[in-house]
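Chain by chain, the residues run as shown.
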Amino acid sequence: MFGNLFKKKRYLFDDEGTMVFDMAHSTGKYYDEAMKKLEVESYQGDEMVVNMGPQHPSTHGVLRLELVLDGEVVKKTTPHIGYLHRNFEKHAENIGYNEVIPFCDRIDYLASMNQDMAYALAVEKLIGLSDLPEKVEYMRVLTCELNRIASHLVAIGTFGLDVGAFTPFLWAFRDREKIMDLFEWLSGARLLYNYIWVGGLAREVPDGWFEKVREFLDYFGPKMVEFDKLLSTNHIFIARTAEVGILAPDLAVSYGCTGPVLRGSGIKWDLRKDEPYSYYDRFDFDVPVGAGELGQLGSVLDRYLVRIREIDESVKIIRQVLEGIEPFKDQDVKAAIPKKIRPAAGAEVYVRSETPRGELGFLIRSDGSDVPFRVKARSPCFSNISVIDNISRGGMIADLVVIIGSLDIVLGCIDR
Amino acid sequence: MTPEQIHIKLHEKFDDHILEFNVEALDPYVKIDPAKIYEVATFLRQTSELDFTALMCLSGMDYGVDENLGVVYNLHSIQHNHRITIRVDLSRENPTLPSVETIWRTADWHEREAFDLLGIRFEGHRDLRRILCPDDWEGYPLRKDYIVQEFYKGIRVPYQEDWMKYETLEKNPERGNFVFQFESKVPELIESAKNGNNSDHKPEGSTDG
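Residues numbered from 1 in each chain as written. Chains lettered and ligands numbered in written order. Predicted model: local features only at pLDDT ≥ 70, side-chain atom pairs only at ≥ 80, totals over all residues.

A. Examining the overall build of chain A more closely. Broken down by element type, chain A carries 17 helices and ten strands. Taking all 416 residues of chain A together, 49% fall into the buried category. When contacts within chain A are restricted to residue pairs at least 6 apart in sequence, those whose partners lie at least 24 apart make up 70%. (Helix = DSSP H or I, 4+ residues; strand = E, 2+ residues; numbered from the N terminus. Buried ≥ 20, exposed ≤ 12 C-beta atoms within 10 Å, placed from the backbone. Contact = placed C-beta atoms within 7 Å.)

Now the structure itself:
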C-alpha cells in the first residue's frame, strides 16, 4: 500500500545495497521512476481527491490543502497558498526604509513586535548603526518576549481547539488580553504596533508601565501552571498527539523548519542563544527541546511542549529585563534614531532573528537612495508549512488538523 | 571556517567557475558560474568540513531594467556555525539555471517563489509552478520593468486614485461579464467647480449606481 510504504519505508535499496530512493529528501537515483510507480499504484482503488480550505476553520486562515484520501487515510497533501498574498516585497521597494515597518507588522500579525525587531536589526546592520541606548535594547527584548508569550498563547490555545479542548482556548485568550492591554498602553495599538523603529522606539514608555508588567508576571505564573495541568497532562490529549506527525530531525533541517518546529524534533538551535542579537547574550535562559518522553521524538506533542516551556523561559527573560533596565529608565528612546537612512549603494545584508514561529530573515539591498532596492522576507511559516506533505502521509485526516495546529502557521506570514 | 577558507576550498575544486570573491561586503559572498550551481551546492552540502546543512534563504534579484537578474543563496552550517553567500548572475533574456531543490528541500518552495515573482527558471525542478500569484497571472511582479495587467478575470487591477472619475457599469462584450467600463467625468467636475456649484453635481446622462 502507498500509505504504508511512506510510513515505514523511507528508503529503498537495490541489490548491492546502494540507496536508490530517499523519500525524506526526495533524492536518489531512481526517485522519479519510483514516484511514478507509486503514483500509478496510488490512484487505483477507492481513492478520492478532497479539497480542504481555504475557508476551513482548522486551517488557521486561508490555506487550501488538496488531499488524496483513501477512506480516512491521507495519501498525499498538496498545499496551495497565496490567498493572502499582498506582495510586501514590491510595496517595500516603493517606500522609504522607515515606512516599511507598518508593513512588517502585517507579515505575522500575531507577533508584530518580533517582525519590527527583525527589520530594524537588518536596516541597522545595513547602515552600520550600533551602540543604541541601553533602554532601547532592553525594551526591545522586553516587548519581543511579551509578544512571544502572547503569540504562543494563541498557538497553544487554538491547538487545544484543534484536538477538541475548548476551555484552554478561552483561558489562553483571557491571559493574552492582558498583554494586549499592556501593548495598547505602550504603543496605542492592540495588534499592529509599529513600535520598534530603526535606531529606537516610537514612543516613550508610560509612567508605571513596568510595574504593570511585573503585576502581569505575578498574575501569569500561577495561571500557566493551571493551564499546564489542564491540557498538557490530559490523557485524551496525549493519546491524540504523542504519536502523530513525526518530523525527523534531518528532515526538519533539510526543509528549513525553524523555531519550535525544529526544536520539537530535538535540535537545540535558537538564534537568541546561538547567534545572539540585541542583548540576548546577557540573559540566563534555557532552550527547551523536544525529547519524545510520552511518544515519539518530533511528534505534535513535542512541538506543543516546546511552546509551553518557551513561555516560562520568556517570563524568566522578562524578569531579568525588569531588573536590568532600572538604571537606564531616564534615557531617551528616540536619541539614536537616524535623521536620514541612506545606506551605501550596493550594500546588501541578510539578517535573521528568532520570532515565535522561527527564523525571520530580511535580505535588504540598497542602491544608495532612501528607498530599499530589494527587500526579501524569508518567513518562518513559509518553510514550516512546506513539510506538511511529508509528515501527514499515512495518517488520518483528523490528525492532519492536529498537525496544522502544531505547525502554528499564520497565513499572513506564509503569503506575505 | 572563515569565508576566506571556504573560498579557497571552492577555488581548489572549481577553479575557473568561481568568478568573484568579496570579503569586504557585509555578507561575504562568492559569485559563481550559474551553470555550475548544482555541483557547487552538492560540494558545499556533502563535504564534511563545510557541511552547509541549511539554506537559510534563496532570493531572486533584479538589478535594474537594463541589468541582469540574479539569485542569492544564504547558506549556514549548524554543526560548524559558519555562513557564506553564493551569488549567481543571469541574463535578462534567458534566466535559467539548475535547481538545487534535491539538495536542500527549502529550495523547493523558494525557487517556486523566485520563478513566480521574477521569472527565473530552475531546470530540473520537479514542480515549478507559480506559488503566491494565481496560475494565470501575467508577468513577473518583482521585475523592475513590470507593468501590472489591466484586467484579471474581469476585475480592474491597477489601483485608481480618483474613483470619482469613473461611474458607469456596462457589460464588456469581449469577456462576457460585467466590468466597470469607465468614463471620465473630470471635465464636468471642473466646469461645475468653475460655475460655483458643489461637488455633488451630477452630469447629465449619468446613471445612478
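B. Up close: the overall build of chain B. Looking only at helices and strands, chain B features four helices and eleven strands. Here chain B holds 209 residues, and 30% of them are scored as buried. Restricting the contact set of chain B to residue pairs at least 6 apart, pairs at least 24 apart contribute 43%.

C. A look at the sheet that holds strand S4 (residues 64–70) of chain A. Residue and element names in this part refer to chain A. If you trace the three strands from one edge of the open sheet to the other, you get S3-S4-S5, paired in antiparallel fashion. A strand with exactly one partner marks an edge of an open sheet, and here the two such strands are strand S3 (47–52) and strand S5 (73–80). Averaged over all adjacent pairs, the angle separating strand axes in this sheet is 20 degrees, with direction ignored. With seven bridges joining them, S4 and S5 adopt antiparallel strand pairing. Note on S5: the bridge partner recorded for Leu67 is Thr77. (Pairing = 2+ DSSP bridges. Axes fitted to C-alpha atoms, helices over the stretch in contact; angles between N-to-C directions.)

D. Molecular detail of the sheet that holds strand S4 (residues 69–76) of chain B. All names here are of chain B. On the basis of which strands lie adjacent, the open sheet formed by five strands has the order S1-S2-S5-S4-S3 and mixed pairing. Since the sheet does not close on itself, it has two edges, and those belong to strand S1 (18–22) and strand S3 (54–62), each with one partner. Between one strand and the next, the sheet's axes are offset by a mean angle of 20 degrees, whatever the strand orientation. Bridge analysis of strand S2 (residues 29–32) against strand S5 (residues 83–90) gives three bridges, and the strand direction is parallel. Within S5, the position partnered with Tyr29 by the bridge is Thr85. Lying over the sheet, helix H3 (residues 106–118) contacts S3 and S4, oriented at roughly 10 degrees with respect to S3.

E. The interface of chain B and chain A, seen in detail. Residue-level contacts link 25 residues of chain B with 30 residues of chain A. Elements that contribute at least two residues to the side of chain B that touches chain A include exactly S3, S4 and H3 of chain B. If you tally residues by element for the side of chain B that touches chain A, the top one is S3(B), at six residues.

F. Inspection of the packing of helix H6 (residues 134–162) of chain A against helix H16 (residues 397–407) of chain A at higher detail. Residue and element names in this part refer to chain A. Running from amino to carboxyl end, H6 crosses H16 at an angle of 175 degrees, the nearest separation of the two axes being 9 Å. Judged on the interaxial angle alone, H16 and H6 are roughly antiparallel. Of the residues in H16, those touching H6 at Thr158, Phe159 and Asp162 are Val401, Val402, Gly405 and Ser406. A class-by-class count of the residues in the contact of H6 with H16 yields three nonpolar, three polar and one charged. (Parallel < 35°, antiparallel > 145°, perpendicular 65-115°, else oblique. Nonpolar A, V, L, I, M, F, W, Y, C, P; charged D, E, K, R; others polar.)

G. Representation of helix H2 (residues 37–46) of chain B in the model. All names here are of chain B. Turning to H2, its buried residues are Ile37, Val40, Ala41 and Leu44. The buried residues of H2 occupy an angular sector of 100 degrees when the element is viewed end-on, so they sit on one face. Close packing links the buried residues of H2 with helix H1 (3–14), S2, S4, S5 and strand S6 (96–98). (Arc of directions from axis to C-beta.)

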